[in-house]
Amino acid sequence: MTRRLAQVAKKVGVSEATVSRVLNDKPGVSEATRQAVLSALDVLGYERPTQLRGERARLVGLVLPELQNPIFPAFAEVIGGSLAQQGLTPVLCTQTKGGVSEADYVELLLQQQVSGVVFAGGLYAQADAPHQHYKQLADRNIPVVLVNAAIEDLGFPAVSCDDGVAVEQAWRHLVSLGHERIGLVLGPADHMPSQRKLAAARALAEAAGGRLPEERVARAMFSLEGGQAAANRLIGAGVTGIVCASDPLALGAVRAARRRGLDVPREVSVVGFDDSAFMNCTEPPLTTVRQPIEAMGRAAVELLALQIAGSSVPSEELLFEPELVVRGSTAQALRA
């Protein structure tokens, strides 16, 4: 401790007593000197005291599963801007295959003594994935907010787009166009948003006096190629309307139909989910269900800022209403 005080004091050009006052959060030190001492701690590689954790430039981790799906950069832009308005600095952590894992990022963020973490997609949405790093954050009382459906019992506040309403909007739109054989392209079986979408579709089918056959549910990795492979199976099963769990999956479905020589939307209608960037520029322009990312992103940051300030926040999930955006990838079903 004495060696640390001496090193920091020398670095800043103040007495060890002044450094000690800063580390113990005592009054009598100018703000400029205080910030200089804290910066010197960072530069020299020393951890700040727990009570000063939130003052490390008021950093907030923003953890994303990828950047290829344009919905995640969109969330990053909204959340990053809202954090800046709160005087918080985002630290973007993006996973790559074979690269730094989500758990590794959490470890790095803890080392940086961040004020909080926002997860916009991640392993919390996968029931079979490891979740120990979330417990680490909870044990350290780090403020956390999750964006979109999570497994139960994590105990963090969450903001989500209502997956059930999203499927209902897409499904009823296809039914209104005369489609009777409607299929779903979803994520993996343990993916919580996909589970919610599937439950909603089954309820709609039952309400109409039928059921959703298993051959009309195809699962895929969240990519254009995954969507193409899954949609190809659905088209082979006679489906004429396809509801997808993301826009890239929907673009893959459009490609699958075209590879079979089918016209979209005349012979196969496709609905996406997200309304991410440039979906109005595709051919045909994609009918999709829009996530309200502006409202969701602002709400996530507000929940985080309240926690950082020491206020309690509701643990209940905040559900946001999606909006169907009808474009050119859906049309009246062909008469048999």
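Criteria and cut-off values
- Per chain, the residues get numbers from 1 upward, laid out in the order the sequence is written.
- Local features are withheld for residues below a pLDDT of 70 in this predicted model, meaning they are given only at 70 or higher, and side-chain atom pairs are given and counted only at 80 or more; totals for whole chains, interfaces and linings count all residues.
- Only hydrogens and water are removed before side-chain values are computed, so all heavy atoms of the structure are retained for them.
- Each nonpolar core is a collection of buried residues, namely Ala, Val, Leu, Ile, Met, Phe, Trp, Tyr and Cys, held together in the definition by side-chain atoms within 4.5 Å.
- Burial classes: relative accessible area under 20% of the type maximum marks a residue as buried, over 50% as exposed, and values in between as partly exposed (1.4 Å probe, protein chains only).
- Secondary structure elements are taken from DSSP: a helix is a run of H or I of four residues or more, a strand is a run of E of two residues or more, and numbering for both begins at the N terminus.
- As annotated, the domain borders come from an automatic or database domain assignment.
- Contacts are assigned to residue pairs that have any heavy atoms within 4.5 Å of one another.
- Here an angle of 0 to 180 degrees is reported between the N-to-C directions of two axes, which are lines fitted to C-alpha atoms, with helices fitted over the stretch in contact.
- An angle counts as roughly parallel when it lies under 35 degrees, as roughly antiparallel when it exceeds 145, as roughly perpendicular when it falls between 65 and 115, and as oblique in every other case.
- Here a crossing is taken to be left-handed if its near helix is turned anticlockwise relative to the far helix by less than a right angle, and right-handed if that turn runs clockwise.
- Three classes are used, and their members are as follows: Ala, Val, Leu, Ile, Met, Phe, Trp, Tyr, Cys and Pro are nonpolar, Asp, Glu, Lys and Arg are charged, and the others, Gly among them, are polar.
- Residues are called lining when one of their atoms sits within 4 Å of a cavity or pocket point, these points coming from a 1 Å grid over the protein atoms alone, where a cavity is a set in which a 1.4 Å probe fits but cannot get out and a pocket is an open set with protein on both sides within 12 Å along at least five of seven lines.
- Grid points are joined across faces, edges and corners, and a volume is the space filled by probe spheres set on the points.
- Whenever Lys or Arg places a side-chain nitrogen within 4 Å of a carboxyl oxygen from Asp or Glu, that contact is recorded as a salt bridge.
- The criterion for strand pairing is that DSSP finds at least two bridges linking the strands in question.
- Disulfides are defined as cysteine sulfur pairs within 2.5 Å.

Where an unreviewed UniProt entry is consulted, the chain appears under the name LacI family DNA-binding transcriptional regulator, with the organism given as Streptomyces typhae.

### A short note on the nonpolar core
Among the nonpolar cores identified, the biggest contains 93 residues, and Phe-119, Val-147 and Ile-242 are the most heavily contacted of them. Here the element with the most residues in this core is helix 4 (residues 71–85); it accounts for eight residues. Taken domain by domain, the makeup of this core includes at least three residues from each of domain 2 (58–161 + 292–321) and domain 3 (163–291). In contact with Val-147, not counting residues within four places along its chain, are Phe-75, Ile-79, Val-118, Phe-119, Ala-120, Gly-121, Tyr-124, Val-159, Met-296 and Ala-300. With 10 residues, the next largest nonpolar core counts Val-19, Leu-38, Ala-40 and Leu-41 among its residues.

### Focus: the environment of Pro-292
Tracing the backbone shows Pro-292 in the loop between strand 10 (287–290) and helix 11 (293–308). Overall, the relative accessible area of 21% leaves Pro-292 in the partly exposed class. Sequence spacing of Pro-292 and Glu-66 is 226 residues, and the spatial spacing of their C-alpha atoms is 19 Å.

### Observations regarding the packing of helix 7 (residues 163–176) against helix 8 (residues 192–207)
At a closest axis distance of 8 Å, the pairing of helix 7 and helix 8 adopts a crossing angle of 45°. Viewed along their axes, helix 7 and helix 8 adopt a mutual orientation that is oblique. Remark: the crossing between helix 7 and helix 8 carries right-handed chirality. Between helix 7 and helix 8, the residues in contact are Asp-163, Gly-164, Val-167, Glu-168, Trp-171 and Arg-172 and Pro-193, Arg-196, Lys-197, Ala-200, Ala-201 and Leu-204, respectively. Looking at the contact of helix 7 with helix 8 residue by residue, the class counts come to six nonpolar, one polar and five charged.

### A look at the layout of surface pockets
When its volume is computed, the largest pocket comes out at roughly 1300 Å³. For the largest pocket, the lining is made up of 46 residues, of which Pro-65, Glu-66, Asn-69, Phe-72 and Phe-222 are closest to its centre. Looking at the lining of the largest pocket, the elements that each hand over two or more residues are helix 4, helix 8, helix 9 (224–236), helix 10 (247–259) and strand 9 (269–274). Among the elements that make up the lining of the largest pocket, the one with the highest residue count is helix 4 (three residues). In this structure, the lining of the largest pocket is formed jointly by two domains, domain 2 (58–161 + 292–321) and domain 3 (163–291), each of which donates at least three residues.

### Considering the pattern of salt bridges
Within this structure, the stated rule accounts for 12 salt bridges. Residue Arg-34 pairs with Glu-31 through a salt bridge whose shortest N-O separation is 3.6 Å. Remark: Glu-31 and Arg-34 occur in helix 3 (residues 31–44); sequence separation between them is three residues, near one turn of the helix. Taking relative accessible area as the criterion, Arg-34 reaches 14% and is therefore assigned buried. Each of Asp-275, Arg-290, Glu-323 and Arg-327 takes part in salt bridges that share partners, so that together they form one network.

### Thoughts on the sheet that holds strand 10
Read from one edge of the open sheet, six strands run 7-6-8-9-10-12, paired in mixed fashion. Sheet topology places strand 7 (217–219) and strand 12 (323–325) at the edges, where each strand pairs with a single neighbour. For this sheet, the mean inter-axis angle between neighbouring strands, taken without regard to orientation, is 20°. The sheet contact formed by strand 8 (residues 241–244) and strand 9 spans three bridges and is parallel. What sits directly across from Val-243, in strand 9, is Val-271. Against the sheet, helix 10 makes contact with strand 6 (182–186), strand 8, strand 9 and strand 10, and its axis sits at roughly 165° relative to strand 9, the strand it touches most.

### Points about the state of the cysteines
Put plainly, a disulfide is one covalent bond tying together the sulfur atoms of two cysteines. Inspection of every chain in the model, using the stated rule, returns zero disulfides. Cys-244 supplies the cysteine sulfur nearest to Cys-161, a cysteine that is in no disulfide, at a spacing of 15 Å. Given the relative accessible area of 0%, Cys-161 is considered buried. Of the residues examined, Cys-244 reaches a relative accessible area of 2% and is grouped as buried.

### Focus on the domain arrangement of the chain
As assigned here, the chain comprises domain 1 (1–44), domain 2 (58–161 + 292–321) and domain 3 (163–291). The straight-line distance from the C-alpha centre of domain 2 to that of domain 3 is 28 Å. Counting from both sides, the interface comprises 21 residues of domain 2 and, opposite them, 17 residues of domain 3. Summed over the shared surface of domain 2 and domain 3, the number is one salt bridge. Measuring nitrogen to oxygen at the nearest pair gives 3.0 Å for the salt bridge that ties Arg-196 to Glu-317.

### Some remarks on the sheet that holds strand 11 (residues 318–320)
Pairing within the open sheet is parallel, and its six strands lie in the order 2-1-3-4-5-11. Single-partner strands in this sheet number two, and they are strand 2 (89–94) and strand 11. Pairwise comparison of adjacent strand axes, ignoring direction, gives a mean angle of 15° for this sheet. Bridge analysis of strand 1 (residues 59–64) against strand 2 gives six bridges, and the strand direction is parallel.

### So, empty space enclosed by the protein
As enumerated under the stated definition, the model contains one cavity of 30 Å³ or more in all. The computed volume of the largest cavity comes to approximately 40 Å³. Taken together, Ala-166, Val-167, Ala-170, Lys-197, Val-243, Cys-244, Ala-245, Gly-272, Phe-273 and Val-289 make up the full set of residues lining the largest cavity. Take the lining of the largest cavity: its biggest share by element is three residues, from helix 7. Of the residues that constitute the lining of the largest cavity, the class distribution is eight nonpolar, one polar and one charged.

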